[in-house]
Amino acid sequence: AAQLNPRYTFDNFVIGNGNQFARAASLAVAERPSRAYNPLFLYGGVGMGKTHLMHAIGHEVKRRQPIYNICYVSAEKFTNEMINSLRNDRMTSFRDRFRGVDVLLIDDIQFIAQKERTQEEFFHTFNALHESMKQIVIASDRPPKELAEIEDRLRSRFEWGLIADIQPPDLETKVAILQKKAESEQSVLPTDVALFIASNVRTNVRELEGALVRLIAWCNMNNMEITLQATQQCLKQFIDTQVRKITIEAIQKAVAENFAMRVSELKQRNNSRAVVVPRQIAMYLAKHLTEASLPEIGRQFGGKHHTTVMHSIAKIDEQRRADKDLNRTVNKLQEILNG
Ligand code: ADP
Ligand code: MG
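Figured I'd write up the structure that's included with this text. The numbers attached to residues start from 1 for each chain and follow its sequence in the written order. The naming scheme follows written order: chains are lettered A onward, ligands numbered 1 onward. Only residues with pLDDT of at least 70 are given local features in this predicted model, and only at 80 or more are side-chain atom pairs given and counted; all residues enter the totals for whole chains, interfaces and linings. Values reported for side chains reflect all heavy atoms of the structure, with hydrogen atoms and water molecules removed beforehand.

Now for the packing of helix 3 (residues 75-87) against helix 5 (residues 116-131). Each packed pair of helices is defined by two parameters, the angle between the axes and the distance between the axes. Between the N-to-C directions of two axes lies an angle of 0 to 180 degrees, each axis being a line fitted to C-alpha atoms and, for a helix, fitted only over the stretch in contact. Elements are defined by DSSP. Helices are runs of H or I of four residues or more, strands are runs of E of two residues or more, and each kind is numbered from the N terminus. Helix 5 packs onto helix 3 with a crossing angle of 100° between their chain directions and a minimal axis gap of 10 Å. In terms of orientation, helix 3 lies roughly perpendicular with respect to helix 5. Note on element contacts: helix 5 touches helix 3 through Arg117, Thr118, Glu121, Phe122 and Thr125, opposite Phe78, Thr79, Met82 and Leu86. Gly is put with the polar residues, along with every residue not named as nonpolar or charged; the nonpolar set is Ala, Val, Leu, Ile, Met, Phe, Trp, Tyr, Cys and Pro, and the charged set is Asp, Glu, Lys and Arg. Split by residue class, the contact of helix 3 with helix 5 holds four nonpolar, three polar and two charged. Comment on the angle field: the value is read as roughly parallel under 35 degrees, roughly antiparallel over 145, roughly perpendicular from 65 to 115, and oblique elsewhere. Whether two residues are in contact is decided by their heavy atoms, any of which lying within 4.5 Å being enough.

The structure is reproduced here in structure tokens:
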């Protein structure tokens, strides 16, 4: 049985620049399962609405084709159920179950990285479904080509259909999401309040919603109207802690981790491209996410001159516009650091 969240519908999904392509692709798949794009591969950072869109596909297919068997499952659950079935000698029923669906929605596929047995099982599930013209929708936190620990034959299948990315919402989209969410909670959110929350809670949509839930509860408890003043008061702590948290060390650590290198390498005098780009990104983030001055940033990167720092920042600024992958990496790091 499909375990679909009733709130995660297309109607409740706010369309913005960053998600309109993924949303349109999802709708096309829901309208014509296995005939539009198969598989549909959705990817994007935390809280971008991937799970929401998958559930929306499920609801829409169900509405059009009530007899369709829809299965929404996280890759983690798929893995756990497979392990249980192996242990209890029930692989046949496990296979029948997943190969007998009309639409398989599998979430957070990155979870099966490094899990060979699960990948093998999913490979066969995928083939069985695809061959019998059943729809597969996959969500991931990164594009197929970056799923390094997933075997090639599976990764290449993820690229058979359509790949759609979701980029973080812009300010206006965040405001619209907040207002829609407030509406569904029977609250009215004045625009100045929504703008305040959207521009101060800079992480992801989930955090945004957390701030909103807290605000509504707080105003209810204190018997107050939701005004800008009340919002500033209620969310002060929430926002302050967010700002305080980001340090240059944290940035260096996150960048090094992302590029599978050591923090010390970011500070050394190594000018190979593999080091220069991560270092420039780290400096760029230090400028944008902390209060540190250019000379201070230079110091924390092994004593670089402030003009080098300035040059690095300008370089990333420029390349973000031209290089989509780089832009996504920077966005992802920002998300990680903010959240
Ligand atoms: P992901 O799976 O990409 O991490 P989710 O689908 O769980 O993100 O979304 C996180 C929360 O944000 C959910 O409550 C979801 O409804 C909401 N959300 C994200 N994007 C949108 C959007 N465009 N419109 C409405 N709600 C959204
Ligand atoms: Mg999700």
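Now that the structure is up, let's keep going.
A word on the site of ligand 1. Residues in contact with ligand 1 amount to 17 residues; listed here are only the nearest, Gly47, Lys50, Thr51, His52 and Glu209. Pairing of N or O atoms within 3.5 Å defines a polar contact, subject to two protein rules: one partner must be a possible hydrogen donor and the other a possible acceptor, and residues neighboring in sequence count only if both atoms are side-chain atoms. Tyrosine 8 has a polar side-chain atom sitting 3.4 Å from an oxygen atom of ligand 1. At 2.8 Å, a backbone N or O of valine 14 approaches a nitrogen atom of ligand 1. Coverage of ligand 1 by the protein amounts to 93% of the 560 Å² it exposes when considered alone. Any residue with at least one heavy atom within 4 Å of a molecule or strand is counted as near it. Surface accessibility follows the Shrake-Rupley procedure with a 1.4 Å probe radius. Residue values consider only the protein chains on display as shielding.

With that out of the way, let us pick up the pairing of strand 4 (residues 135-140). The buried fraction of strand 4 is high, at six of six residues. Exposure categories follow from relative accessible area, calculated using a 1.4 Å probe and restricted to protein chains: below 20% of the type maximum is buried, above 50% is exposed, and the middle band is partly exposed. Alternating positions in strand 4 separate into two faces, Gln135, Val137 and Ala139 on one and Ile136, Ile138 and Ser140 on the other, with burial throughout. By definition, two strands form a pair when at least two bridges between them are found by DSSP. Pairing of strand 1 (residues 40-44) with strand 4, which is carried by four bridges, proceeds in the parallel orientation. Looking across to strand 4, one finds that phenylalanine 41 is bridged to isoleucine 138. In terms of strand pairing, strand 3 (residues 103-107) meets strand 4 through four bridges, oriented parallel. The residue bridging leucine 104 from the neighbouring strand is isoleucine 136, located in strand 4. Chirality of the crossover, the property in question, places the unit of strand 3, helix 5 and strand 4 among those that are right-handed. Handedness of a crossover: with both strands directed away from the viewer, a clockwise path from the first strand across the helix to the second marks it as right-handed.

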